[in-house]
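Below, each chain spelled out in residue letters.
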Amino acid sequence: MTLDNGPISSRLLELQTMDKRIRETRDRIESYDPLLEEVEAPAVRLAEDVGVTEKRVRDLRLEERRLRLAAEEKQARVHRLEDRLNLVRTVREEAAVQAELGLVRRALDQEEQEVVNLLDQISRFEERLEDQQSEMEEARSAVGPRRDELLAERELARAEVNSLKARREEFAAAIDPRYLRAYDHLAQGGRRVAVTAMTEDGACGACFSVIPLQLQNEVRTRAPLIRCEACGVIVTSPVAPAESESPSLRRADAPA
Ligand SMILES: [Zn+2]
């Protein structure tokens, strides 16, 4: 009599084992994220330093350009004032032009000095940038092999999930849709256990509540869709010791 529900119980249980493996492999894929982050962290930090120094150099160059333009403009003013000196007619006029010329020249000197200082700073920051860039390259090539290894392992795990999923779909297609729907509904509700075999003494294999005698008989003899009244999982007929071995499970799935 258990021939009727023997296959369905082992099928559902095997489906559950497949889903568990898919879940575990997915978890394994996710576990690579923190590992990769950790491996890449030093190079990422150095890249941030490089970014900060690059910005500093850009800002200094902008400032240098601004000062250079201002200095050029003052230089032109100095020339104009010098031309005017040749045209003055009174001593007072000459004194006024000289005074202005003095002011503009001092300002010009100051700006030219600032440009020199800036060029100094720029070359210091450019040196630092070069050092930081080579440090970053070094860190990147040092972590490269380990990173590639982790990425390759993750790719393998992804391929494994895909083939497990394909096998699962094929396997599920051969299961009575009523059972499959009930199972999927329970499994998708986030339960780790959606189906369990009844124990030899008639208890739910998941929560160990004793199943009423009449239902026990139905589980053992007919193969109806019976769910544990206490925890809601699908209860199948007890799995015989030989059947719980994976090879016999496969034999049980094979079409009669
Ligand atoms: Zn239960």
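Bear in mind the structure is a predicted one, so any value in this text is a computation, not a measurement.

What counts, and at which threshold
Residues numbered from 1 in each chain as written. Predicted model: local features only at pLDDT ≥ 70, side-chain atom pairs only at ≥ 80, totals over all residues. Heavy atoms only, no water. Helix = DSSP H or I, 4+ residues; strand = E, 2+ residues; numbered from the N terminus. Contact = heavy atoms within 4.5 Å. Patch = residues over 30% accessible without salt bridge, like charges linked within 9 Å, V, L, I, M, F, W, Y side chains within 5 Å. Areas by Shrake-Rupley, 256 points an atom, 1.4 Å probe, with all protein chains shown as cover. Salt bridge = Lys/Arg side-chain N within 4 Å of Asp/Glu carboxyl O. Lys, Arg positive; Asp, Glu negative; His and termini not counted. Charge placed at Lys NZ, Arg CZ, Asp CG, Glu CD. Buried < 20%, exposed > 50% of the residue type's maximum accessible area, 1.4 Å probe, protein only. Donors = N, O, S within 2.8 Å, 3.2 Å for Na, K, Ca; no water. Tetrahedral: all angles 85-135°; square planar, octahedral: opposite > 155°, others 65-115°. Core = buried A, V, L, I, M, F, W, Y, C linked by side-chain atoms within 4.5 Å. Domains from an automatic or database assignment. Polar contact = N/O pair within 3.5 Å; in protein donor to acceptor, adjacent residues only side chain to side chain. Nonpolar A, V, L, I, M, F, W, Y, C, P; charged D, E, K, R; others polar.

1. Let's talk about the environment of K74
Right, on to step 1. By the secondary structure assignment, K74 is in helix α1 (residues 2-87).
Right, on to step 2. A sequence separation of 31 residues divides K74 from R105, and the C-alpha atoms of the two residues are 7.7 Å apart.
Right, on to step 3. The residues touching K74, leaving out its near neighbours within four places in the chain, are V104, A107, L108 and E111.

2. Describing a negative patch on the surface
Right, on to step 1. On the surface, a cluster of negative charge is contributed by E48, D49, E127, E130, D131, E135 and E138.
Right, on to step 2. Sorting elements by how many residues they give to the negative patch places helix α2 (residues 91-173) first, with 5 residues.
Right, on to step 3. By the secondary structure assignment, D49 is in helix α1.
Right, on to step 4. On the accessibility criterion, D49 (36% relative accessible area) is partly exposed.

3. Observations concerning the coordination of the zinc ion
Right, on to step 1. Protein coordination of the zinc ion is provided by C204 (SG), C207 (SG), C228 (SG) and C231 (SG), with donor distances spanning 2.3 Å.
Right, on to step 2. The site at the zinc ion holds 4 donor atoms, and with the angles between them running 107 to 112°, its shape is tetrahedral.
Right, on to step 3. Written as a sequence motif, the donor arrangement for the zinc ion is C-x2-C-x20-C-x2-C. Pair noted here: C204 is in the loop between β1 (195-197) and α4 (213-221) and C231 is in the loop between α4 and β2 (234-236), with a separation of 27 residues, a long-range link.

4. Details of the environment of S134
Right, on to step 1. With respect to the helices and strands, S134 occurs in helix α2.
Right, on to step 2. A sequence separation of 84 residues divides S134 from V50, and the C-alpha atoms of the two residues are 9.9 Å apart.

5. Comments concerning the nonpolar core
Most often, soluble globular proteins have nonpolar side chains that are buried together.
Right, on to step 1. Ranked by size, the top nonpolar core spans 17 residues in total, and within it L12, L15, I175, Y183, V195 and I234 carry the most contacts.
Right, on to step 2. Elements that contribute at least two residues to this core include exactly α1, α2, α3 (177-188) and β1.
Right, on to step 3. The residues touching L12, leaving out its near neighbours within four places in the chain, are I175, Y179, Y183, V195, I234 and T236.

6. Structural notes on the domain arrangement of the protein
Frequently, the measure chosen for interface size is the accessible area removed from exposure when the parts meet.
Right, on to step 1. Per the domain assignment, the segments making up the protein are domain 1 (19-173) and domain 2 (177-253).
Right, on to step 2. With 5 residues of domain 1 at the contact, the number on the domain 2 side is 5 residues.
Right, on to step 3. Connecting domain 1 to domain 2 are 1 salt bridge.
Right, on to step 4. The tally of links between domain 1 and domain 2 comes to 2 residue pairs in polar contact (both at pLDDT 80 or more).
Right, on to step 5. Where the side of domain 1 that touches domain 2 is concerned, the elements lending two or more residues are α1 and α2.
Right, on to step 6. Ranked by residue count, the leading element in the side of domain 1 that touches domain 2 is α2, at 3 residues.
Right, on to step 7. Here the side of domain 1 that touches domain 2 is composed, by residue class, of 2 nonpolar, no polar and 3 charged.

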